[in-house]
Amino acid sequence: MLKYREMTESDNVAVAALVRDNLKQFNLDIPGTVYFDEGLDHLSDYYGNGERKYFVIEGDNGEVIGGIGFARFEPMKDTAELQKLYLADAAKGSGIGYELIDLIEDKMREAGYKASYLETHDNLQAAIHIYEKKGYKEIERPKEVVHSTMNRFFRKEL
């Protein structure tokens, strides 16, 4: 049985490795992605307040097998950015991605957000498929985008 919980400092190494491993698999271990963000090794310092949170999923042995977060997206009113949805290879294809999106959208609503925004890349076709099935609609690239390599942008009313 999977266990969802809020990220703690002890999860920093596992989450950073999960993110980097996934980006590398899809040839996104390049400048302009979160792969090179200095804060990636200390995500628990960033998340954990009312405006931004990150959740991990533990596998049967207590290891981190996935995660997802959100943070306020200032350019859009009452909008949170869905961030860093990543799964270990063993967890892919199991429906956990859909469950994580349901979880984070509930957490966004609890935090008072009315919409969810996300950015992704053409190389991440499985993720794009999940986002579209969950009701996300593609939008134009916002001028405030931080990770310059990302080239697909989506929004959904909560």
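Residue numbering note: each chain is counted from 1, following its sequence as written. At least 70 in pLDDT is required for a residue's local features to be given in this predicted model, at least 80 for side-chain atom pairs to be given and counted, and no such filter applies to totals for whole chains, interfaces and linings, which use all residues. Hydrogen atoms and water are omitted, and side-chain values are computed over all heavy atoms in the structure.

## Quick look at the overall build of the protein
Quick reminder of the rule: In DSSP terms, a helix is any run of H or I states spanning at least four residues, a strand is any run of E spanning at least two, and both are numbered starting from the N terminus. Radius of gyration means the value over C-alpha atoms here, while the globule rule gives 2.2 Å times the residue count to the 0.38 power. Here's how the labels work: a residue is buried when its accessible area is under 20% of the maximum for its type, exposed when over 50%, partly exposed in between, all with a 1.4 Å probe on protein chains only. Two residues qualify as a contact provided that any one of their heavy atoms is within 4.5 Å of a heavy atom in the partner residue. Residue exposure ignores everything except the shown protein chains as possible cover, and the areas themselves are Shrake-Rupley values with a 1.4 Å probe.
Counting secondary structure elements, the protein contains four helices and seven strands. Its C-alpha atoms give the protein a radius of gyration of 14 Å, within 12% of the compact-globule value 15 Å for 158 residues. When burial is assessed residue by residue, the protein has 48% of its 158 residues classed as buried. Taking contacts inside the protein between residues at least 6 apart in sequence as the whole, the part at least 24 apart equals 62%. Of the roughly 8,200 Å² of accessible surface on the protein, a fraction of 49% belongs to carbon and sulfur atoms.

## Quick word on the pairing of strand S2 (residues 52–58)
Rules: Two strands are counted as paired when DSSP detects at least two bridges linking them.
Taking burial as the measure, the seven residues of S2 include five buried ones, the bulk of the element. As paired strands, strand S1 (residues 3–6) and S2 are joined by four bridges and run antiparallel to one another. Paired with arginine 5 across the two strands is valine 56, which belongs to S2. Inspection of the sheet shows S2 paired to strand S3 (residues 64–72) by seven bridges, in the antiparallel sense. By the bridge assignment, isoleucine 57 is partnered in S3 with glycine 66. Two successive antiparallel strands, S2 and S3, enclose a turn made up of five residues, where glycine 62 displays a positive phi of approximately 85 degrees.

## Some details on the sheet that holds strand S5 (residues 115–120)
Here is the rule: Throughout, an axis means a line fitted to C-alpha atoms (over the contacting stretch in the case of helices), and angles, computed between N-to-C directions, take values from 0 to 180 degrees.
Across the sheet, seven strands lie side by side as S1-S2-S3-S4-S5-S7-S6; this open sheet has mixed pairing. Across the chains shown, the open sheet's two edge strands, defined by having one partner strand only, are S1 and strand S6 (137–139). Neighbour to neighbour, the strand axes of the sheet diverge by 30 degrees on average, direction disregarded. Pairing geometry for strand S4 (residues 79–87) and S5, over three bridges, is parallel.

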